[in-house]
Amino acid sequence: MSNSVPVISAAHFASAFALRPNLFAWFLGAGASAASGIPTGYAMIRDFKKRIFCRETGYSLREVDAGDELWIERIDDFFRRTSLLPTDGDPNEYSAAFETVFPNEKQRRQYIDDAISKGTPCFGHRVLAALMSSKQLSCVFTTNFDHLVEESATLSNSLLPVELRKKPTVAALDSADRALRCLDESDWPLVAKLHGDYQSIKIKNTGSELEYQDQRMRHVLVEACKRFGVVVVGYSGRDASVMDALESVLKDPNPYPNGLYWVTSSATRLLPAVQKLLEHAVLAGVDVAIIEANTFDELAADIVNQIRLPGVLIEHVMQQRAPVRLQRVKLPEAEARPFPVLRYSALLVETLPCVARRMTLKTAATSPEVRQLLKDQKCRAVVAATGRELAVFGRDAEVIAALRDLGAQPAGIAELNPIRDSWALGLLYDALVRALARHRPLLPRYKRSGHSLIVAGPREGEGAEWTCEREAQLTQLRSAYETNLTGLVPKLGYPYQEGVFLKLEHIENRWWCGFEPFTFVDVPREPRTVKSVEDRDELGFLTFSRGGDPAGDWRRERWAKKFNKHWAGIVNAWAMLLTSAPDNKVRAFGIEDGEGVDAAFSISPVTGWSRPSHHHNYFERTR
């Protein structure tokens, strides 16, 4: 941002605004309704990207958490590698994403209707409404579809005597003539919805819709900017037609006679189009300033401290003010207890593999396709495919032979950064599960929703030596459960096996292997008719219809009587079983030097613990 545009605080602006609040018009964008529970433009973009990502990759919407950093990186990486949408931050990103997900205008209107139905007026809306009702605010322009401003105004008016009430005129795309009448007759207050109202037949959302502003609404906006100063709140400046209208005001001999103020959380976050407008306004002699305020509510709080309102309105507004987030509290002064009081079912992963074998392919392939080829050739390896490159743990010769149809060739090593690259995290996750199952009576299960290990039961024809070894390794675990680890569910006859869900997570700058004990039951399911690749899981296996869990009641009864003492024993037994290895290192394959690249993990046998922050009589209990 050019140094010619000053940056001021919300409190500084509020003191100047309070002198003549009726000289300002307000322009509200989606960010002004964020505190009301209505998704912002950015939140909608993330939702649209999630929907497109799921549609293109075959994931279900339930599987993908658009707020999780790992999924965000996966989704962003997907769009960086495709040309489905404009680049991140492009002014057309919102409209293009919206139209890609919902090409039908009726569907877009339904989506908006559902989004705004969750909203309730925030503190900022109530302050503007109080200004309207007290005849200190003439007009509000907004690109939002919600009804929060007029709803707040109706409530404020109801508190005043009938003769003092001033009901705002609401004008949208299908009622623009109302806005023209208000302008011509100076009949204020006016709420003008530039992109339409949630109840309108027409709303503006897509690139073609936003390309041109309704001429009548544009005229009202431009003329108002020639009469009033303008305060812009929660608006990114993505709509070219709106920005063009604001820019055209500068051609007037007296544009923005009481200034142009743009509210943002940080001056560095303004889009180039906004920076350009403000700099041009400075050159045109307009009083311009950037107001730094984290939220619309915070700006409104500074304003309400300066303005004068009737007692009944100020009482109404302040009742809805959000409590201060930071509160003084008395910190505990007693020393913390020196021993842990809560045990986590998580093991510290002290070291992770930092490199894998890099291989090139003559033909591009996806990870599921490569895994299927390895499985068909009975080749044990862990892979992650990115176009024509593979990152591999396994024996080089076996992998090359299994992937000869793809022309696989070694090409050095691939560095692994699981924090930055989701494919590297997935590769290490797969390798860790295989390493924990190796040389143990455990069977790995790989699923897109999460991997797991289950106890291996007796197999027909197995040798006596392996039977004895398996029984010996499972002794402590069986003792902790106080029951069989495998068997058949009574009355149902379904096979069950005890096991754990596994998760590899980066927490507090450390890697942890979380394990959640669970009783797995193999319930027969009818396969669906395979219609497309979406009917198969990530490893290429058929998916099945999901109904109720017939073994659910039995499983709950099995765990209902396992209290803290039992859980402590089960967590300890799993921790000992998973880390029982020389020097606490587990390896996925046990490959000799020169044969390939192995995945070796150093895992501490000590689970995570927490300490109390202060002493409490609870810790002195004896029963």
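On the surface, Val341, Leu342 and Tyr344 cluster together to form a nonpolar patch covering roughly 260 Å² of accessible area. Relative to the elements of secondary structure, valine 341 occurs in the loop between helix 14 (311-319) and strand 9 (342-351). Valine 341 sits in the partly exposed class, given a relative accessible area of 39%.

Taken together, the 8 strands give an open sheet; going across it, the order is 1-8-7-6-2-3-5-4, and neighbouring strands pair in parallel fashion. At either end of the open sheet lies a strand with only one pairing partner, and these are strand 1 (7-9) and strand 4 (169-171). With strand direction ignored, the average angle separating the axes of adjacent strands in the sheet is 20 degrees. Inspection of the sheet shows strand 4 paired to strand 5 (residues 190-193) by 3 bridges, in the parallel sense. Note on strand 5: the bridge partner recorded for threonine 169 is leucine 190.

Applying the stated criterion to the full structure yields 26 salt bridges. As a salt-bridge pair, aspartate 77 and arginine 80 come within 3.9 Å of each other at their nearest N and O atoms. Here arginine 80 and aspartate 77 lie together in helix 3 (residues 69-80), a separation of 3 residues that amounts to about one turn. For arginine 80, a relative accessible area of 55% puts it in the exposed group. With its nearest N and O atoms 3.2 Å apart, the salt bridge here joins arginine 395 to glutamate 595. Of the two residues, arginine 395 is situated in strand 12 (residues 389-395) and glutamate 595 in the loop between strand 19 (585-587) and strand 20 (596-597); the sequence distance between them amounts to 200 residues. Residue classification places arginine 395 among the partly exposed positions, given a relative accessible area of 23%.

All told, the structure shown has 22 aromatic pairs when counted by the stated rule. Between phenylalanine 53 and phenylalanine 78, the ring centres sit 5.5 Å apart and the planes meet at 80 degrees, which makes this aromatic pair edge-to-face. Here phenylalanine 53 is found in helix 2 (residues 41-57), whereas its partner phenylalanine 78 is found in helix 3, with 25 residues between them in sequence. A relative accessible area of 5% places phenylalanine 53 in the buried class. Chaining the aromatic ring pairs together yields one cluster made of Phe13, Phe17, Phe24, Trp26 and Tyr261. A cation over a ring is seen here: lysine 49 above phenylalanine 79, with NZ or CZ 5.7 Å from the ring centre. In this structure, arginine 74 is placed above the aromatic ring of tryptophan 71, and the distance from its NZ or CZ to the ring centre is 4.7 Å.

Phe393, Leu436, Leu453, Leu477, Phe515, Trp574 and Phe601 are the most contacted members of the largest nonpolar core, which totals 51 residues. When residues in this core are grouped by element, the largest group, 11 residues, is from helix 17 (residues 422-437). Filtering out sequence-adjacent residues up to four positions away, phenylalanine 601 remains in contact with Val349, Thr351, Leu352, Pro353, Leu428, Ala431, Leu432, Ala435, Asn584, Lys585 and Val586. Core analysis: the second largest hydrophobic core is formed by 44 residues, Val5, Ala192, Met243 and Leu277 among them.

A word on the environment of lysine 50. One can find lysine 50 in helix 2. Under the relative-accessibility criterion, lysine 50 is labelled buried at 15%. For the pair lysine 50 and tryptophan 71, spaced 21 residues apart in sequence, the C-alpha to C-alpha distance is 9.0 Å.

The next thing to look at is the packing of helix 6 (residues 123-133) against helix 7 (residues 148-157). Between helix 6 and helix 7, the least distance of the axes is 8 Å, while the angle of their chain directions is 55 degrees. Compared by their axis directions, helix 6 and helix 7 come out oblique. Handedness of the helix 6/helix 7 crossing: right-handed. Facing His125, Arg126, Ala129, Ala130, Met132 and Ser133 of helix 6, the residues of helix 7 in contact are Leu148, Val149, Ser152, Ala153, Leu155, Ser156 and Asn157.

Conventions we followed
Residues numbered from 1 in each chain as written. Predicted model: local features only at pLDDT ≥ 70, side-chain atom pairs only at ≥ 80, totals over all residues. Heavy atoms only, no water. Patch = residues over 30% accessible without salt bridge, like charges linked within 9 Å, V, L, I, M, F, W, Y side chains within 5 Å. Areas by Shrake-Rupley, 256 points an atom, 1.4 Å probe, with all protein chains shown as cover. Salt bridge = Lys/Arg side-chain N within 4 Å of Asp/Glu carboxyl O. Helix = DSSP H or I, 4+ residues; strand = E, 2+ residues; numbered from the N terminus. Buried < 20%, exposed > 50% of the residue type's maximum accessible area, 1.4 Å probe, protein only. Pairing = 2+ DSSP bridges. Axes fitted to C-alpha atoms, helices over the stretch in contact; angles between N-to-C directions. Phe/Tyr/Trp six-rings, centres within 6.5 Å; stacked < 30°, edge-to-face > 60°. Lys NZ or Arg CZ within 6 Å of the ring centre and 35° of its normal. Core = buried A, V, L, I, M, F, W, Y, C linked by side-chain atoms within 4.5 Å. Contact = heavy atoms within 4.5 Å. Parallel < 35°, antiparallel > 145°, perpendicular 65-115°, else oblique. Left-handed = near helix turned anticlockwise from the far one by under 90°.

Shape is all these values report; function is a separate question.
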